[in-house]
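Examining the three-dimensional arrangement
The residues making up each chain are set out below.
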Amino acid sequence: MTDLGLPENILACLFDLDGVITRTAVVHAAAWKETFDAFLRERDGTGFRPFDTDDYAEYVDGRPRADGVRTFLASRAVELPEGEPGDPPDAPTVHGLGNRKNELLLERIRAGGVDAYEGTLRYIEEVRARRLRTAVVSASANCLDVLRAIGAEHLFDVRVDGVVAAERGLPGKPRPDTFLAAARDLGVPPGRAAVFEDALAGMDAGRAGHFGYVVGVDRVGRPQALYAHGADRVVTDLEELLGEPGERRPPRTG
């Protein structure tokens, strides 16, 4: 293991955005809750079962927006028409609900700004100082704006976000396609790239893509869930990896 806490053969690091680089995961969760609770309240009345943190972790976190809507609604046995990507936020469609969530998210970001995890930024700077390649891999269509807001656009050689995924027709997490595309754009085989994720769907993507190392970033106190979904190591902040090699988990199966 190197003093970056990574296996010696790793040549590239692939970072998720929300919850790993920026503190926007909590903002996403709040926007999803407002969106789904309003929808469920209108559909089921005051006795509706609210969207909660477990729903966010299991069905929404790390997934493309429309996939999050589909997956959560399926968990409640609710079906909606797909609609179109340009549906207005009040349309009773999958895309309409997703666009409502995005509208609420942007309102919250504009009101409170965007904060970065300074430990992550320091870690990425150390990674680049050692000449490892870097990519940001996010389901968010707002990824570039967020990176610019925190002054971090220059830290990444490659960006594969919601916009790029739509242009290339890449399925989102838990499928590994966006991470695989980032590794390919960097010219690095998956087995020599490390994935850094906080979402269970991102852990699944790292395992499915057979990446060389998967680091789970535990911001909410669920390390065992991250390990169960494929993490080789779990930390609460990426700065913990610096100068402290740590122990590699037993090889993953499945």
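Just so it is clear, the structure is predicted and the values come from calculations on it, not from any experiment.

1. Brief notes about the pairing of strand β4 (residues 193-197)
For β4, the buried fraction is high: five of the five residues fall into the buried class. Every second residue of β4 is oriented toward a common face, with A193, V195 and E197 on one face and A194 and F196 on the other, all of them buried. Pairing analysis gives four bridges linking strand β1 (residues 12-15) to β4, with the strands arranged parallel. Within β4, the residue paired with L14 across the bridge is V195. Judged from the four bridges that link them, β4 and strand β5 (residues 213-217) form a sheet pairing that is parallel.

2. Re the packing of aromatic side chains
Within this structure, the stated rule accounts for ten aromatic pairs. Aromatic side chains W32 and F36 sit 5.2 Å apart centroid to centroid with 10 degrees between the ring planes, which places their arrangement in the stacked category. Placement of the pair is W32 and F36 together in helix α1 (residues 25-44), with a separation of four residues, close to one helical turn. There is no split in this pair, since W32 and F36 are both buried.

3. Section: the pattern of salt bridges
Under the definition given, this model contains 21 salt bridges. Close ionic contact of R207 with D204 constitutes a salt bridge, the shortest N to O distance being 3.2 Å. Note that R207 and D204 are positioned in helix α9 (residues 200-208) at a spacing of three residues, about one turn of the helix. Residue D204 is classed as buried on the basis of its relative accessible area, which comes to 19%.

Criteria and thresholds
Residues numbered from 1 in each chain as written. Predicted model: local features only at pLDDT ≥ 70, side-chain atom pairs only at ≥ 80, totals over all residues. Heavy atoms only, no water. Buried < 20%, exposed > 50% of the residue type's maximum accessible area, 1.4 Å probe, protein only. Helix = DSSP H or I, 4+ residues; strand = E, 2+ residues; numbered from the N terminus. Pairing = 2+ DSSP bridges. Phe/Tyr/Trp six-rings, centres within 6.5 Å; stacked < 30°, edge-to-face > 60°. Salt bridge = Lys/Arg side-chain N within 4 Å of Asp/Glu carboxyl O.

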